[in-house]
Amino acid sequence: MASPIEASVAYRPSPALLGFTSDHPPDYAEILRCTHCGLCLNQCPTFRVLGWEPDSPRGRIYLMRAVVEGRLEINPDFQEHMEVCLACRACQTACPATVQFGRLVEAARWQIRQTLPMRPTERLLRALAFGLVLSHPTVLSLLSRGLWIYQSSGLQRALRRTGWMHRMPRALRTMEGMLPERIPLRFLATGRVYPAIGERRGRVALLAGCVMRTLLASTQEATIRVLTRQGFEVVIPSGQACCGALHVHAGERERARALARRNISAFMREEADAILVNAAGCGVAMKEYGDLLRDDPRWAEAAQAFSAKVRDVTEFLDAVGLRPLPRRLSGRIVYQDPCHLAHGQGVRAQPRRLLQAAGLTVLELPDGDLCCGSAGIYNVTHPEIAGALLGEKVDQIRRMAPERVVTANAGCMLQLAMGLRQAGLTIPVQHVIEVLDEAGGGTSDT
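Residues numbered from 1 in each chain as written. Predicted model: local features only at pLDDT ≥ 70, side-chain atom pairs only at ≥ 80, totals over all residues. Heavy atoms only, no water.

### Description of the overall build of the protein chain
For clarity, the threshold we go by: Secondary structure is summarised from DSSP: a helix means a run of H or I of at least four residues, a strand means a run of E of at least two, and numbering begins at the N terminus for each. The globule rule is 2.2 Å times the number of residues to the power 0.38, and the radius of gyration it is compared with is taken over C-alpha atoms. Only protein chains enter the accessibility calculation, which uses a 1.4 Å probe; a residue whose area is less than 20% of its type maximum is buried, one above 50% is exposed, and one in between is partly exposed. Method for areas: the Shrake-Rupley scheme with a 1.4 Å probe, in which residue coverage is limited to the protein chains shown. Note on charges: Lys and Arg go in the positive column, Asp and Glu in the negative column, and His and the chain ends are not counted at all. Where a charge lies is defined by one atom per residue type: Lys uses NZ, Arg uses CZ, Asp uses CG and Glu uses CD.
Summing up its helical and strand segments, the protein chain has 25 helices and nine strands in all. Rg of the C-alpha trace for the protein chain: 22 Å, near the compact-globule value of 22 Å for 446 residues, within the 12% margin. The C-alpha extent of the protein chain, read off along each of the three principal axes, is 70 × 55 × 40 Å. Expressed as a percentage of its 446 residues, the buried residues of the protein chain come to 55%. Here the protein chain displays about 19,400 Å² of accessible surface, and carbon together with sulfur accounts for 56% of that area. For the protein chain, the distance from the average position of its 53 positive side-chain charges to the average position of its 43 negative side-chain charges is 5 Å.

What follows is the structure, given as structure tokens:
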């Protein structure tokens, strides 16, 4: 007689159950690979905060399986368990069966979007955020200019000083609190080529991005300086758009597919040895375009070719080898692993080697690869859990007292800077590429 586990694995849902949504529910074969061993539990940020099995990776997989097998309907409770997940993919690193949980939970959110009705307010907000602001670089640039006026006019300082911000909804307070201390007036222009300095080693294409192109334009400029000093011609393809990472995380898969097609078209027009990105979440999304468009007969092959060329900038520089840096820095720094770099792309040692090559001593946080709570827009949608994770991270940094905190993702940079600022700490937060820029001189024009 088969054991309960064997009987469970042997079960196959009917085709009708597998096809009850119009498009791509979570992969049943992938769901069955979970052995429910529990090694993911302590690596899951939401389980550590909430201590509730349905908010652990194996608990969510169990719920997904129940839906596919027709034992559970998609309802608001199912939706909450899927959406409270940070999609940080730490469980993938811990999983001995290498279950691709990130893709499962993203598919479940897409399944929810197709099944449950949305309130008019939510539908409007999604249309504005995902359909307008993030999908159109011009709109995002105008918004960035407005934020520059808000900050440079003194209005931000006045609102914070008078306490008016505390009367705002928490989501709005969080977004305002994450703004950089100096919002740049400029933003990174596309359709430009930057020549290599010295002996030419190759040609790379760079994602301009959304937040990176506007609020963190200085980081993009540093990226261009570092790459050109290292002998690479850098092209910023025209016609590119948001990578679609936030859309995929939020279950907005159709909009993500449209953005992926637009980026593939823009980047594949350029001859480049690699397609580089300096935001970890964007890197995962772009490396998974092949999966996102796998059933599109027109774009599937191009998407696979595109994804094969995508590299994080730290991954790329470590692989090609750094030219000697003119300056040797000193000091103790904490490096915070971005989830989608460490867990999503398996890039861990490379940023550390680059920082050490610049002369810095890299300190390791306890549970350093545990999510800081940013996770795209998670700190806006679930501020309590995000705040608990950030508070733990800030306490660890306070105890270690580094000269700087370094990471490799836009959301992590803004989240950690906000947490340190609110804690009264003046420790700067930088991108790895900004450190390399500093060690390389940091004064060249872009």
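### So, the sheet that holds strand E2 (residues 202-206)
Keep this limit in mind: Should DSSP find at least two bridges between two strands, the strands are taken to pair. Simply put, an axis is a line fit to the C-alpha atoms, just over the touching stretch for a helix, and the angle between two N-to-C directions goes from 0 to 180 degrees.
A sheet is described by the order of its strands in space; here five strands give the open sequence E1-E3-E2-E4-E5, paired in mixed fashion. Every interior strand has two partners, whereas the edge strands, strand E1 (192-194) and strand E5 (310-312), have only one. Direction aside, the axes of adjacent strands within the sheet are offset by 30° on average. Two elements, strand E4 (residues 274-277) and E5, share three bridges in a ladder whose sense is parallel. The partner of Ile275 across the bridge, within E5, is Val310.

### So, the state of the cysteines
Where we set the bar: Disulfides are defined as cysteine sulfur pairs within 2.5 Å.
For the structure shown, the criterion picks out zero disulfides. Looking at the unpaired Cys91, the closest cysteine sulfur is the one in Cys40, lying at 6.2 Å. Taking the relative accessible area as the measure of exposure, Cys91 reaches 8% and is therefore buried. Free cysteine: Cys243, not disulfide-bonded; nearest cysteine sulfur from Cys282 at 3.5 Å. Taking relative accessible area as the criterion, Cys243 reaches 4% and is therefore assigned buried.

### Remarks on the nonpolar core
Rule in force here: Working definition of a nonpolar core: buried Ala, Val, Leu, Ile, Met, Phe, Trp, Tyr and Cys residues. They are joined through side-chain atoms within 4.5 Å. Working rule for contacts: check all heavy atoms of both residues, and any pair within 4.5 Å makes them a contact.
Counting residues in hydrophobic clusters, the biggest one holds 45 residues, and the most contacted among them are Cys243, Met286, Tyr289 and Phe306. Counting only elements with at least two residues in this core, the list comes to helix H14 (245-249), helix H15 (253-267), E4, helix H16 (280-287), helix H17 (289-292), helix H18 (300-309), helix H23 (383-400) and helix H24 (410-422). Residue contributions to this core peak at seven residues, all from H24. When near neighbours in sequence (up to four residues on either side) are disregarded, Met286 contacts Leu207, Cys243, Ile275, Val277, Phe306, Ser307 and Val310. Membership of the second largest hydrophobic core comes to 35 residues, among which are Val226, Ile236, Ala408 and Leu436.

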